[in-house]
Amino acid sequence: MTVRDFVFAARLPRVVFGAGALRRLPDEMAALGLTRALVLATPGQSALGERVAALLGDRAVGVFAGAAMHVPVASARAACAEARRLGADSAVAVGGGSTTGLGKAVALETSLPLVAVPTTYAGSEMTTMYGVTDAGTKTTGRDPRVLPRTVVYDPELSAALPFAITAVSLLNAIAHAAEGLYAPDRNPLVDAIAEEGIRIAAGALPRLQRDPRDMEARGDALVAAWLCGTVMGSITVGLHHKLCHTLGGSFDLPHAEVHAVVLPQAMAYNAPAAASAMARIARALQAPSAPAGLFDLGRSHGAPTSLAEIGMRAADLDRAADLAVKNQYPNPRPLERGAIRALLQRAFDGTRPG
Ligand code: NAD
């Protein structure tokens, strides 16, 4: 094996993992010296937010249950104002990537430390990436201040995550790892974590389809989220994530579902220029080919396979292709408008990569 030159500086949160680990949150806050937490949640998970605040007792100053998809700037401003009004010394984000994203926006604006309790498999808690959406435009960046100090992974909290969301969320996790395997700044440690993350995520899917309350499988899924999120936090993403960002941001398509549809097609596009990454993905999936294996994994677990079925309009495909090639970025296969337009057509139709 030839190892490319690399520079790697791990920057990772403390991780507390286990069924019932939520109960350890007060001790974790105490260890950080935090005594006035503002708990963040979505409106749909406000009861969980209240439960966490009650668990924190005197260490919580309130609950802000206004997190929303893609972190609208208004919700970020409202959460920061609430943190200041209550004299919070920290934020605790309890929920999926949208809630973690709100916590990151608060941490960025106020410099308050963030603690995350993830309940989906998006993996945002392991990255320094943040994003805020203003008037339909999502601004993203990286800042070490937004990385949670501690992450509490408790599989019991995702026991009630509906299987449809579970499936697309795990495919979202797999997408982070898949792009890590051909990233320009990858290294052997990241490669190993990525392959293992994909293997564990793919192994959890059929078990959770049979029984969404299979706690061992929920634990595996959360481990996969941790591993795949760690990969995403360590590398520069390529075509797949950029396409999903464009499709989600400019055409208002649902985040995890877009990942599920685009992933096999983006891998098919990059396959000719990323043979070893494809071999590792295929091995992790125990499939003959990475793109078709990913397509089959999604389809057999009820994930959407076409952009048409998640609300994209055929008339927007040309504009999507224009936007996708507007800025160049590192990707194993050069970005070529005609080929990207063809990729988008296959994603729109839900064509199985051949
Ligand atoms: P989400 O956070 O929007 O959650 C989807 C819905 O599921 C929400 O209504 C939420 O309240 C609900 N939910 C979450 N956990 C639940 C549970 N256990 N039981 C029942 N309902 C539950 O979706 P997501 O896919 O986790 O996150 C998507 C967002 O995260 C996007 O905005 C994306 O850009 C961002 N993201 C960011 C990064 C990063 O590194 N910055 C990485 C991945 C995703």
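So, how was this worked out
Residue indices begin from 1 for each chain and proceed along its sequence in written order. The predicted nature of this model means local features are confined to residues of pLDDT at least 70 and side-chain atom pairs, given and counted, to a pLDDT of 80 or more, with totals for whole chains, interfaces and linings taken over all residues. Hydrogens are left out, water is left out, and the side-chain values use all remaining heavy atoms of the structure. Put simply, two rings from Phe, Tyr or Trp (the six-membered ring, in Trp's case) pair if the centres are within 6.5 Å, and we call them stacked under 30 degrees between planes, edge-to-face over 60, tilted for the rest. Only DSSP runs of H or I reaching four residues or more are called helices, and only runs of E reaching two or more are called strands; each is numbered from the N terminus. Counted as over-ring charges are cases with an Arg CZ or a Lys NZ within 6 Å of the ring centre that also lie within 35 degrees of the ring normal. Two kinds of site are reported from a 1 Å grid over the protein atoms alone, namely cavities, where a 1.4 Å probe fits but cannot get out, and pockets, open sets with protein on both sides within 12 Å along at least five of seven lines, and residues are called lining when an atom falls within 4 Å of a point. Grid points are joined across faces, edges and corners, and a volume is the space filled by probe spheres set on the points. Nearness is judged by heavy atoms alone; a residue qualifies as near a molecule or strand once a single heavy atom is within 4 Å of it. Each polar contact in these results corresponds to two N or O atoms within 3.5 Å; when the atoms are within protein, one needs to be able to donate a hydrogen and the other to accept it, and residues that are neighboring in sequence are counted only if both atoms are side-chain atoms. Under the convention used here, a 1.4 Å probe and the Shrake-Rupley method define accessible areas, while residue burial counts only the protein chains that appear. Asp, Glu, Lys and Arg are counted as charged, while Ala, Val, Leu, Ile, Met, Phe, Trp, Tyr, Cys and Pro are counted as nonpolar; the rest, among them Gly, fall into the polar class. Delimitation of the domains relies on an automatic or database domain assignment. If DSSP finds at least two bridges between two strands, the strands pair. With its strands directed away from the observer, a crossover is right-handed exactly when the path from the first strand over the helix to the second travels clockwise.

*Asks:* Before we go on, may I ask you to explain the packing of aromatic side chains in this structure?
*Replies:* The description of two aromatic rings rests on the distance between their centres and on the angle between their planes. Under the criterion given, the structure shown has one aromatic pair. Aromatic pair Phe17 and Tyr153: ring centres 6.3 Å apart, planes at 55°, arrangement tilted. Here Phe17 is found in strand S1 (residues 14-17), whereas its partner Tyr153 is found in strand S8 (residues 150-153), with 136 residues between them in sequence. The aromatic ring of Tyr329 is capped on one face by Lys242, whose charged end is 5.3 Å from the ring centroid. In this arrangement the basic side chain of Arg333 is found over the ring face of Tyr269, its NZ or CZ atom lying 4.0 Å from the centre.

*Asks:* Is there a simple way to explain empty space enclosed by the protein in this structure?
*Replies:* Leftover empty space is mapped by rolling, across the atoms, a probe with the size of a water molecule. In the structure shown here, the tally under the stated rule is one cavity of 30 Å³ or more. Size it by volume and the largest cavity reaches roughly 40 Å³. Forming the boundary of the largest cavity are Leu171, Ala260, Val261, Pro264, Leu294, Phe295, Gly298, Pro304 and Thr305. Those elements that place two or more of their residues in the lining of the largest cavity are helix H9 (255-270) and helix H11 (290-300).

*Asks:* Even after reading the chapter, I still don't get the site of the ligand, so can you show me in this structure?
*Replies:* Of all residues adjacent to the ligand, which total 21 residues, the nearest are Thr42, Ser98, Thr119, Thr120 and Thr127. Within the side chain of Thr120, a nitrogen or oxygen atom sits 2.6 Å from an oxygen atom of the ligand. At 3.0 Å, a backbone N or O of Met129 approaches a nitrogen atom of the ligand. For the ligand, the protein covers 81% of the area, taking 870 Å² as the surface of the free molecule. The biggest single contributor to the shell around the ligand is helix H4 (residues 97-110), with three residues. Split into classes, the residues belonging to the shell around the ligand amount to six nonpolar, 13 polar and two charged. A domain split of the shell around the ligand shows at least three residues from each of domain 1 (14-158) and domain 2 (163-349).

*Asks:* Help me understand the pairing of strand S3 (residues 60-64) in this model?
*Replies:* Regular strands show a simple pattern: their side chains alternate between the two faces of the sheet. In terms of strand pairing, strand S2 (residues 37-40) meets S3 through four bridges, oriented parallel. Opposite Ala37, over in S3, you have Ala60 as the bridge partner. Regarding the hand of the β-α-β motif, the stretch spanning S2, helix H2 (residues 46-56) and S3 is right-handed.

By themselves, these are just geometric observations and shouldn't be taken as functional.
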